[in-house]
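# Structural overview
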Amino acid sequence: RDDSGMHGKGHIMDKHLTRRGFLLGSLVTLGGCSTLTRSAGPNILVRKAAGPVRVAAIGCGGMGKNDVVGVERDGAVIAALCDVDAHMASEAFDWYPQVPHYTDYREMLDNEADIDAVMVSTPDHTHAPAALYAMAKGKHVYVQKPLTTTIYEARMLRAAARKHRVATQMGNQG
């Protein structure tokens with residue numbers, strides 16, 4: 001460290017950032033993030049003292065199916081599945097015959113009080129309404145991209161997350 005408290009030339013906070021300084025700062029940041037999360041997938045696995053996180057999926061076909069498999073691999077319990085299209089969700093429904101299956105996420109969230117977190121992997125225009133409803137029920141939410149279709153929806157979700165004190169994350173596999 002120099003007298004200014006900085007780590008010297010090339011540091012991530014230095015005005016004259018070098019490529020090496022940027023890469024080092026990025027790696028340190030990624031290393032710190034990886035200790036907080038278990039995978040590059042839906043990182044909603046905040047542990048509770050009472051046991052594993054109970055996750056519900058809204059949208060179980062396509063990307064939703066991958067999300068379900070990913071959070072279960074990381075230690076979550078799949079608590080409920082919801083999809084309006086039984087054909088698209090049939091594989092996921094078959095994998096988890098023991099959990100309740102729904103066609104309406106509102107009904108699922110009203111009936112399954114022990115859900116800790118919800119993954120939303122539905123068509124784009126339904127992401128914000130489903131996430132907002134889940135947050136209003138006090139559920140942590142992981143939403144596939146795009147998070148919303150308008151800035152207004154994004155602001156509504158931000159306000160709901162703050163109001164209900166829930167963690168949120170948007171999925172981006174780019």
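So, here's what we can say about the structure. The residue numbering used here restarts from 1 in each chain and proceeds along that chain's sequence as written. In view of the model being predicted, local features appear only for residues whose pLDDT reaches at least 70, and side-chain atom pairs are presented and counted only at 80 or more, with totals across whole chains, interfaces and linings using the full set of residues. Neither water nor hydrogens contribute to the side-chain values; these are computed over all heavy atoms in the structure.

### Brief notes about the overall build of the chain
In this description a helix means any DSSP run of H or I spanning at least four residues, a strand means any run of E spanning at least two, and both kinds are numbered starting from the N terminus. Along the backbone of the chain there are six helices and six strands. Ordered by position from N to C terminus, the α and β elements of the chain give α-β-α-β-α-β-α-β-α-β-α-β. Contacts in the chain between residues far apart in sequence, at least 24 positions, make up 57% of those at least 6 positions apart. Residue burial considers only the protein chains on display, and all accessible areas are found by Shrake-Rupley using a 1.4 Å probe. Summed over all atoms, the accessible surface of the chain reaches about 10,500 Å², with 56% contributed by carbon and sulfur. Only heavy atoms enter the contact rule, under which two residues are in contact if any of them lie within 4.5 Å.

### Digging into the sheet that holds strand 2 (residues 77-82)
We treat two strands as partners when DSSP finds at least two bridges between them. Taken in spatial order, the six strands of this open sheet run 3-2-1-4-5-6, and their pairing is parallel. The outermost strands of the open sheet, each flanked by one partner alone, are strand 3 (101-102) and strand 6 (168-171).

### Topic: the pattern of salt bridges
Think of a salt bridge as a Lys or Arg side-chain nitrogen and an Asp or Glu carboxyl oxygen that are within 4 Å of each other. Inspection of the entire model under this criterion finds five salt bridges. The salt bridge partner of Glu91 is Lys65, with a shortest N-O separation of 2.6 Å. Taken together, the positions of Glu91 in helix 3 (residues 86-95) and Lys65 in helix 2 (residues 63-73) put the pair 26 residues apart, joining distant regions of the chain. We call a residue buried when its accessible area falls under 20% of the maximum for its residue type, exposed when it is over 50%, and partly exposed in between, using a 1.4 Å probe and counting protein chains only. Glu91 sits in the partly exposed class, given a relative accessible area of 36%. Close ionic contact of Arg106 with Asp104 constitutes a salt bridge, the shortest N to O distance being 3.0 Å. Taking the relative accessible area as the measure of exposure, Asp104 reaches 22% and is therefore partly exposed.

### Structural notes on the environment of Gly171
For Gly171, the position within the fold is in strand 6. Between the C-alpha atom of Gly171 and that of Lys145, which follows or precedes it by 26 residues, the distance is 5.6 Å. Apart from the residues lying within four places of it in its own chain, the contact partners of Gly171 are Tyr142, Val143, Gln144 and Lys145.

### Digging into unusual backbone geometry
That bond from Lys145 to Pro146 is cis: its omega, -10°, falls within 30 degrees of zero. Here Pro146 shows up in the loop between strand 5 (140-144) and helix 6 (151-164). The backbone of Arg165 sits at a positive phi, close to 55°, despite the residue not being glycine. Positionally, Arg165 belongs in the loop between helix 6 and strand 6. Residue classification places Arg165 among the exposed positions, given a relative accessible area of 73%.

### Some thoughts on the pairing of strand 5
Judged by how many residues are buried, strand 5 sits mostly within the fold: four of five residues are covered. As judged from the four bridges shared by strand 4 (residues 117-120) and strand 5, these two strands associate in the parallel manner. From the neighbouring strand, Val118 faces strand 5, where its bridge partner is Val141. In terms of handedness, the path from strand 4 via helix 5 (residues 127-136) over to strand 5 forms a crossover that is right-handed. Where strand 5 lies against strand 6, four bridges are found, and the strand directions are parallel. Across the sheet, the residue bridging to Val143 is Met170, located in strand 6. After leaving strand 5, the chain enters helix 6 and then returns to the sheet as strand 6, a path that is right-handed. For the handedness criterion, the strands are oriented away from the viewer, and a crossover whose path from the first strand over the helix to the second runs clockwise is classed as right-handed.

### What to know about the state of the cysteines
Here, the term disulfide refers to a pair of cysteine sulfur atoms separated by no more than 2.5 Å. Counted according to the given criterion, the structure contains zero disulfides. Note on Cys60: no disulfide assigned, nearest cysteine sulfur contributed by Cys82 at a separation of 7.0 Å.

### Focus: the side chain of Glu153
With respect to the helices and strands, the residue Glu153 is situated in helix 6. The contacts of Glu153, once residues within four sequence positions are left out, are Ala128 and Thr148.

Purely spatial values, then, with no claim about function.
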